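# Structural features, examined
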Amino acid sequence: AYEMSMVTGVQTCALPIWIQKMANTLTDLAPDLYAALDVVSRELVGMIPSVTVDARVNQAAVGQIVRSHVVPAANALIDNTPAMAFPTAAYQTIGNQEIVITKSKSAPFSWQGNEQDLLASGAGYISVRANQMAQAMRKLVNDMEADLCALYATTSRAAGTVGTVPFISNTAALSAARKVLVDNGAPISDLQLVIDTNAGANLQTLFNINSARDQAATSLSDQGILTTIGSTQVRESAQIYTPTAGAMASATSTAAAFTVGQTVIPLATAGTGVVAAGDIITFANDTNQYNVASVSFAGANPASGDTITLAAPGLRKAQGAATRAITVLAASPRNMAFSRSAIVLATRMPERPAEGDMALDVMTIQDPRSGIAFEVSIYPGVRMVTYHIGLAWGVKNIKPEHTAQLLG
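All of the points below concern the structure found in this document.

### Concerning the pairing of strand β14 (residues 286-296)
- The pairing of strand β7 (residues 157-159) with β14 spans two bridges and is antiparallel. Across the sheet, R157 pairs through a bridge with Y290, a residue of β14.
- The hairpin turn running from strand β13 (residues 280-283) into β14, its antiparallel successor, is two residues long, and N285 in that turn takes a positive phi close to 70°.
- The pairing of β14 with strand β15 (residues 307-310) spans four bridges and is antiparallel. Paired with V292 across the strands is L310, a residue of β15.

Structure (structure tokens):
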């Protein structure tokens, strides 16, 4: 704790009496905070419990880089040959993916002393404050969930049919999405599918799922799971995107041949409109649905020299030298299928200056099941107090090949 001198403006380490009396403010609030966090943790968000969560209590600033290691493919196989000499060293270069902390947010609320007294004889200040904390954490969680769902634009390919909600009568759509992941080499031990509530309603009807089951009796990693199909855990999310589709029409590639794994597609001068990252396109004579990673257009219409870059691992089908018609799929929900290890959510506490700030007390509340930690700060004022529920985070699809979309 620090004291601000009214004369010099310099903070010192002296502990004035009013701070000493209030030092345990948040410690006393811990039961209320845990109760509030517990409620929000059981909200049926789909992405957060499905991805890899890197949750730490160290502080971070917006723009700070967090690195996640990436192990390369195994070295070339060697023969097991008996010998008296030591084997040659087999070093590897361990790569990394950068995850940037892009947001540092707090949900504040304030109370005056007389307002607390007024509630003492009614609903109760403690109960109302606990619900405010729950709503603050819910706001942060929903924002993180939306950021994760926005990663649809970084996935490899898509499955499903535009305009057809999955699971109307069978699970063929999930099988198609799983095939994309398996063909791309994704590990099948921890596959995830996060869908919107329309697809979820169909799935519940198809499997006669009891959505009123006791979620409190299960761990958070299992909460919200509608069912598990073919080693794929299926959850719902209210944040699934339905982006506007690109307006490019009647466009074609150049007459160059296509090779398997090719990602950059050169365009001919044909058609109108452009596409953007996250659009889904198909090519004539190829039924695969490819996700657009980026584009390079000189103008408002396709022209010679313009290109479309597909997400990894690129084309699945080789084609001979000829122009190919390109079709942009219409807008549809972008349900997410992926291996858990492919998507990372990094969370940190918001940064504070080394000298501290005006917070009277600070407490970190970490959910023991999800690992998501929230920072709770109390700022005293003149006859009033303000609470800040804060968190800093960033998201990254570190392995696009192990992620796909399920259209609806």
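### Re the packing of aromatic side chains
- Under the criterion given, the structure shown has five aromatic pairs.
- Seen in terms of ring centroids, Y152 and Y241 are 5.7 Å apart; in terms of plane orientation they differ by 35°. Their pairing is tilted. Within this pair, whereas Y152 is found in the loop between α4 (125-149) and β7, its partner Y241 is found in the loop between β10 (232-236) and β11 (251-252), the two being separated by 89 residues in sequence.
- Judged by its relative accessible area of 11%, Y152 is buried.
- Among the residues examined, Y241 registers a relative accessible area of 31% and is labelled partly exposed.
- Between F283 and Y290, the ring centres sit 5.8 Å apart and the planes meet at 55°, which makes this aromatic pair tilted.

### Some details on the pattern of salt bridges
- Applying the stated criterion to the full structure yields seven salt bridges.
- For K103, the salt bridge identified is with D143, shortest N-O distance 3.1 Å. Here D143 lies in helix α4 and K103 lies in strand β6 (residues 103-112), a separation of 40 residues in the sequence.
- The class of K103 is partly exposed, set by a relative accessible area of 21%.

### Observations concerning the pairing of strand β17 (residues 334-339)
- With respect to burial, β17 is a largely interior element, six of its six residues being buried.
- One ladder, built from four bridges, connects strand β8 (residues 191-195) with β17; its direction is antiparallel. Within β17, the residue paired with L193 across the bridge is A337.
- By the bridge criterion, five bridges tie β17 to strand β22 (residues 403-407) in an arrangement that is antiparallel. Across the sheet, A337 pairs through a bridge with A404, a residue of β22.

### Quick look at the side chain of T386
- Assignment of secondary structure puts T386 in strand β21 (residues 384-397).
- Residue T386 is classed as buried on the basis of its relative accessible area of 18%.
- There is a polar contact of 2.6 Å between the side chain of T386 and the side chain of S110.
- In this structure, T386 is in contact with P108, F109, S110, S377, I378 and Y379, ignoring residues within four places of it in sequence.

### A look at unusual backbone geometry
- The amide bond that connects A312 to the next residue, P313, takes the cis arrangement and shows omega of 10°.
- Mapping P313 onto the fold places it in the loop between β15 and β16 (325-328).
- Unusually for a residue other than glycine, F167 sits at a positive phi of about 70°.
- If you trace the backbone, F167 turns up in the loop between β7 and α5 (172-183).
- Judged by its relative accessible area of 2%, F167 falls in the buried class.
- Phi at R383 is positive, roughly 60°, even though this residue is not glycine.
- With relative accessibility at 76%, the residue R383 sits in the exposed group.

Rules and cut-offs
- Residues numbered from 1 in each chain as written.
- Predicted model: local features only at pLDDT ≥ 70, side-chain atom pairs only at ≥ 80, totals over all residues.
- Heavy atoms only, no water.
- Pairing = 2+ DSSP bridges.
- Helix = DSSP H or I, 4+ residues; strand = E, 2+ residues; numbered from the N terminus.
- Phe/Tyr/Trp six-rings, centres within 6.5 Å; stacked < 30°, edge-to-face > 60°.
- Buried < 20%, exposed > 50% of the residue type's maximum accessible area, 1.4 Å probe, protein only.
- Salt bridge = Lys/Arg side-chain N within 4 Å of Asp/Glu carboxyl O.
- Polar contact = N/O pair within 3.5 Å; in protein donor to acceptor, adjacent residues only side chain to side chain.
- Contact = heavy atoms within 4.5 Å.

Interpretation in functional terms is not warranted from these geometric data alone.
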